[in-house]
Amino acid sequence: MTRSILCFGEALIDMHGEGSDDHGFARHFLPFAGGAPANVAVALAKLGCHARFAGMLGLDRFGDFLLHSLQQAGVDTVDVARTGEANTALAFVTLDARGERSFSFYRPPSADLLFRAEHFRMEAFDNTAIFHICSNSLTDPGLAAATLAGMQRARDAGALVSFDLNLRPALWPRGSEPRPQVWPALLMADVVKVSAEEFDWLATDGEQALLDRLWTGSARLLVVTDGPHPLRWYHPDAEGELPCYNVPMVDSTGAGDAFVGGLLQQLAEQNITRDNIDAWIATLPRLHAALRYASACGAVAVTRHGSFAAMPNTTEVEQFMEIHA
């Protein structure tokens, strides 16, 4: 049986503004299916993986739209729960002239925040190769407890655990300090991805102190992306830098999620586990090829509008890499 990749957290509606009035406000908004871990699940499905998504959707039209969109993209939704106690979350997305996005979130209250550990199916972690989360499921105490419980269950089942920080300050309660909340997840993950800005945000006592603390946990690979600029990767015994693709950007909304999807696809395809990940990283051509593939996924995504809609398939990534060899 093919092992699957389980992505857990929020699925929400990205309302993308179109047009502009005399005051700079969007004339109308178009709904796109989105949410960081849901985007990763879609990216993986389009790249040929058996991807599953776990999370809570509202029993509303937007929840129906998200469920249908996940299924249409090829994502297994057996682990999706539904609730009538809150609506599906909305995020209003505004793009600047360079395609960089900003968000206005309508969350909480929202359905995704109501997922608890007991909502994971008993069989959810059976035959799971990788379990992926991001920090958006750490913003609420109950959901954070469910997230950490899921990470532990995944580890107990032998799955690799992946964590994309994907920090969205507007999602955290006003006056809260996210760092103490994200560190338990950072220390439980085998593979961690952050942006350059997030790396600096975490490095309150300097980069080396950040790395020293991270290596006290389970992490074996840290990837730091920086848009079109070279990415950096770190392992307890090595580190390096790799150039990325520089393409005209239309919409950066799903770029990081496409990158993560590409990287996890490479890990799954090569059957990377906790037992062999150190040897895999030490074989630099294999590591660099995987990171290059992930970068291509992100580069294709920024040339398109939307979230689910921006995730490329295998053929598109391969064609892009041939053209930009």
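Note that the structure is a prediction, hence the values are computed from the model and not measured. (Residues numbered from 1 in each chain as written. Predicted model: local features only at pLDDT ≥ 70, side-chain atom pairs only at ≥ 80, totals over all residues. Heavy atoms only, no water.)

**Re the pattern of salt bridges**
On inspection of all chains with the given rule, the structure shows 13 salt bridges. A salt bridge links Arg 82 to Asp 64; the shortest N-O distance between them is 2.8 Å. Linking Arg 82 in strand β5 (residues 80–83) with Asp 64 in helix α2 (residues 61–72), this pair joins segments that are 18 residues apart in sequence. Since its relative accessible area comes to 27%, Arg 82 is described here as partly exposed. Look at Asp 64 and you get partly exposed, because its relative accessible area is 41%. One salt bridge in this structure joins Asp 79 and Arg 121, with 2.7 Å as the shortest N-O distance. Pair noted here: Asp 79 is in the loop between α2 and β5 and Arg 121 is in the loop between β7 (101–106) and β8 (128–134), with a separation of 42 residues, a long-range link. (Salt bridge = Lys/Arg side-chain N within 4 Å of Asp/Glu carboxyl O. Helix = DSSP H or I, 4+ residues; strand = E, 2+ residues; numbered from the N terminus. Buried < 20%, exposed > 50% of the residue type's maximum accessible area, 1.4 Å probe, protein only.)

**A word on the packing of helix α9 (residues 284–302) against helix α10 (residues 314–323)**
Running from N to C, α9 and α10 point in directions that differ by 105°, and their axes come no closer than 9 Å. Classified by the angle their axes make, α9 and α10 are roughly perpendicular. Together, Arg 292, Tyr 293, Ala 296, Cys 297, Ala 299 and Val 300 of α9 and Thr 314, Glu 316, Val 317, Phe 320 and Met 321 of α10 make up the contact between the two elements. Taken together, the residues of the contact of α9 with α10 sort by class into eight nonpolar, one polar and two charged. (Axes fitted to C-alpha atoms, helices over the stretch in contact; angles between N-to-C directions. Parallel < 35°, antiparallel > 145°, perpendicular 65-115°, else oblique. Contact = heavy atoms within 4.5 Å. Nonpolar A, V, L, I, M, F, W, Y, C, P; charged D, E, K, R; others polar.)

**Some details on the packing of helix α1 (residues 36–46) against helix α7 (residues 255–269)**
In the contact formed by α1 and α7, the axes pass within 8 Å of each other and the chain directions differ by 50°. In terms of orientation, α1 and α7 fall into the oblique class. Crossing angle aside, the handedness with which α1 passes α7 is right-handed. Contacts between α1 and α7 involve Ala 36, Asn 39, Val 40, Ala 43 and Leu 44 from the first element and Asp 257, Ala 258, Val 260, Gly 261, Leu 264 and Gln 265 from the second. (Left-handed = near helix turned anticlockwise from the far one by under 90°.)

**Some words on unusual backbone geometry**
Across the junction of Pro 108 and Pro 109, the peptide omega takes the value -5°, indicating a cis bond. Tracing the backbone through its elements, the reader meets Pro 109 in the loop between β7 and β8. Residues other than glycine seldom take positive phi values, yet Asn 127 does so here, at roughly 60°. One can find Asn 127 in the loop between β7 and β8.

**A closer look at the packing of aromatic side chains**
Two aromatic rings are characterised by how far apart their centres lie and by the angle between their planes. For the structure shown, the criterion picks out nine aromatic pairs. Judged by centre distance (5.0 Å) and plane angle (50°), the rings of Phe 8 and Phe 120 are tilted. Of the two residues, Phe 8 is situated in strand β1 (residues 4–8) and Phe 120 in the loop between β7 and β8; the sequence distance between them amounts to 112 residues. Overall, Phe 8 belongs to the buried group, its relative accessible area being 1%. Overall, Phe 120 belongs to the buried group, its relative accessible area being 6%. Grouped by ring-pair contacts, the aromatic residues Phe 8, Phe 115, Phe 120, Phe 125 and Phe 131 constitute a single cluster. Note that Arg 213 overlies the ring of Trp 183, its terminal NZ or CZ placed 4.1 Å from the centroid. Of note, Arg 232 hangs over the ring of Phe 199, and the distance from its end group to the ring centre comes to 5.0 Å. (Phe/Tyr/Trp six-rings, centres within 6.5 Å; stacked < 30°, edge-to-face > 60°. Lys NZ or Arg CZ within 6 Å of the ring centre and 35° of its normal.)

**Some remarks on the pairing of strand β12 (residues 229–235)**
For a regular strand, side-chain orientation follows a simple rule: the groups alternate between the two sheet faces. As paired strands, strand β11 (residues 221–226) and β12 are joined by four bridges and run antiparallel to one another. Bridged to Leu 222 within β12 is Tyr 234. Connecting the antiparallel pair β11 and β12 is a turn made up of two residues, with Gly 227 showing a positive phi of about 60°. Of the strand pairs in this sheet, β12 and strand β13 (residues 238–242) are connected by five bridges, and their pairing is antiparallel. By the bridge assignment for β13, Tyr 234 is matched with Glu 239. (Pairing = 2+ DSSP bridges.)

**Re the layout of surface pockets**
Reported here for the largest pocket is a volume of approximately 870 Å³. In terms of lining, the largest pocket is formed by 33 residues, of which the most central are Thr 225, Asp 226, Gly 227, Ala 255 and Gly 256. Looking at the lining of the largest pocket, the elements that each hand over two or more residues are β10 (191–195), α5 (196–202), β11, α7 and α9. Residue composition of the lining of the largest pocket, grouped by class: eleven nonpolar, twelve polar and ten charged. (1 Å grid on protein atoms, 1.4 Å probe; cavity = no way out; pocket = protein on both sides within 12 Å on 5 of 7 lines; lining within 4 Å. Points joined across faces, edges and corners; volume = space filled by probe spheres on them.)

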